[in-house]
Amino acid sequence: MKKIIISTIAVSALLFTVTSCNTDFDTDVKDIPVTKGDADFSKYISLGNSLTSGYRDGALYSSGQNESYPSMIAGQMQLAGGGAFKQPLMPNDVGGFNNLPGFPGKLTLQVVNGSLSPVASAPAAALDNVTAGGPYQNMGVPGAKSFHLVAPGYGSQAGLATGTANPYFVRFATSATTSVLADAMAQKPTFFSLWIGNNDVLSYATNGGTNSQTVGGVTTYSTAMVQTGNSNPATYKSNDISDPAVVAGSIKGVLDGLKSVGTTKGVIANIPYVTSVPYFTTVPYNPLTPAALGANLTTLNSSLYGPLKQALTAFGAGDRINLLSSTASNPVLIKDVALTDLSAQLTAALTPSLGLPTAAAFGQIFGQARQSTPDDYILLPTSSLIGTTAAGAPAPVNVYGISYPLQNQHVLTKIEAGYVKTATDAYNASIKSLADSYGLAFVDANSKMIELNSQSGILFDGVRYTAKFVTGGAFSLDGVHLTGRGYGVVANEFIKSINAKYRSTLPQVDPNKYSGVKFP
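Source: prediction; values computed, not measured.

Rules of the game
- Residues numbered from 1 in each chain as written.
- Predicted model: local features only at pLDDT ≥ 70, side-chain atom pairs only at ≥ 80, totals over all residues.
- Heavy atoms only, no water.
- Buried < 20%, exposed > 50% of the residue type's maximum accessible area, 1.4 Å probe, protein only.
- Helix = DSSP H or I, 4+ residues; strand = E, 2+ residues; numbered from the N terminus.
- Pairing = 2+ DSSP bridges.
- Axes fitted to C-alpha atoms, helices over the stretch in contact; angles between N-to-C directions.
- Parallel < 35°, antiparallel > 145°, perpendicular 65-115°, else oblique.
- Left-handed = near helix turned anticlockwise from the far one by under 90°.
- Contact = heavy atoms within 4.5 Å.

1. Observations concerning the pairing of strand β5 (residues 191–195)
Item 1. Burial within β5 is extensive, with 5 of its 5 residues counted as buried.
Item 2. Residues of β5 alternate between two faces, with Phe191, Ser193 and Trp195 on one and Phe192 and Leu194 on the opposite face, all of them buried.
Item 3. For strand β1 (residues 44–48) and β5, the ladder comprises 5 bridges, and the chain directions are parallel. Bridge pairing in β5 places Ser46 opposite Ser193.

Okay, here's the thing in structure tokens:
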């Protein structure tokens, strides 16, 4: 029912949104001679995950890598004695790997059924190896969690089959037994940046708090775990939330490793709240307008919502379902696994009127169903699912979000979002503490993303950037990673923190000179 579409009016607003010629970056030093201050930028390396690598539009591809924030920072460092900065560039501008499942090429805007919509490209090449062209100074590895940076064998080709390795690190790891940290230490950098920990909670959030398993072409979902108190990440499933002590210990391990080779100066950033990015803020909790529901609205109330509310009320759970409004937008139906399962009670209550087989189906479908609230987050890909038919569900209770609940993997519920925030706050407290104790520059990336997500956004030289999907200019088509312009905003935060800590005068970059979302 609700698709991700971008109107021509919104496109025009994006292309021509220029206000007064001022900027929110008010601490630039562009009119001051460039100096390195107390730092040595002659060999700068960056460590992190997809955000560090230049990942955008759902893939890692060459032109995106060339607009990574570390590459931008390195360019400014070269004005103050910085050395070469090499990146393990992908072999094409499409990305993905055509010999590995789950690695499509980049998203592009295409006209689908008369509207612009993001569509994944077919990957253009197989997994390659570029180790011989190294060493590389951008060591951002898409998908890496904090503990992956210190894990031996994370770049082993053989480890791909067991899930202990990462194809992006396989591309440039110096050996099958090395770690990201070990390869960084071998370069003996004079300065480093580190932005890690996002994926320790992000994968949980983007998958609606679930882990998945596909066997024989059938995918099943289970509840992901909050691993607080479990210090062994080898026992985690892919989307579990990492123990804050594991994240802190892994980051400390990186800092200690770099310190052991004489690298004591650098900059470290904290973790943004996931609820600041378009993946979680684009689809409203109440997209079901009376116009979209049409004549079905009355039928739904009389044959489904009304009877369900009556039965649930008898069990003390009447607040789960309300009748659909004919004058206001309505919330979608979702499954909330945190609710008491009332399947058996609903089956018994509905059997006299519906018969046992139908009542049992209703009980199973709606035993943990409720309508969404403003505290729930409907995931960006779920937009294309709402209003479609749920395979295997009996008609007429088979329309996703309307007569059939969106499932756990489609929504980040209020409780799940609370788990994410609690973990993020714990990670960030440790990151700030480590920055202080190791005497490093610190970037409050969380505050910057909250600012970007505000209605006013961030202004640079007359161009306003916000976290609005596509038309805000800062986020790419995957709703999580930034555009070149968004990475320019991030690069400036790093540069400001470096200058403040090390008394350098690196000039900021101009985000407006980099690329944004490309329209057909």
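2. What about the packing of helix α8 (residues 244–260) against helix α14 (residues 414–437)?
Item 1. The N-to-C vectors of α8 and α14 enclose an angle of 25°; their axes lie 9 Å apart at closest approach. What the angle tells us is that α8 and α14 run roughly parallel. Considering how the two elements wind past one another, α8 and α14 form a crossing that is right-handed. Together, Pro244, Val247, Ala248, Ile251, Lys252 and Leu255 of α8 and Ala426, Tyr427, Ser430, Ile431 and Leu434 of α14 make up the contact between the two elements.

3. Thoughts on the sheet that holds strand β8 (residues 266–269)
Item 1. An order of β4-β1-β5-β8-β13 is seen for the 5 strands of this open sheet, with the pairing classed as parallel. Pairing within the sheet leaves two strands with one partner each, and these edge strands are β4 (138–140) and β13 (441–443). Each strand axis lies, on average, 15° off the axis of its neighbour in the sheet, ignoring direction.
Item 2. Looking at chain direction, β1 and β4 are connected through 3 bridges and run parallel. Opposite Gly48, over in β4, you have Gly140 as the bridge partner.
Item 3. Along the sheet face, helix α4 (residues 69–77) touches β1, β4 and β5 and points at about 165° away from the line of β1.
Item 4. Across the sheet, helix α16 (residues 484–502) lies against β5, β8 and β13, angled at about 150° from β13, the strand it touches most.

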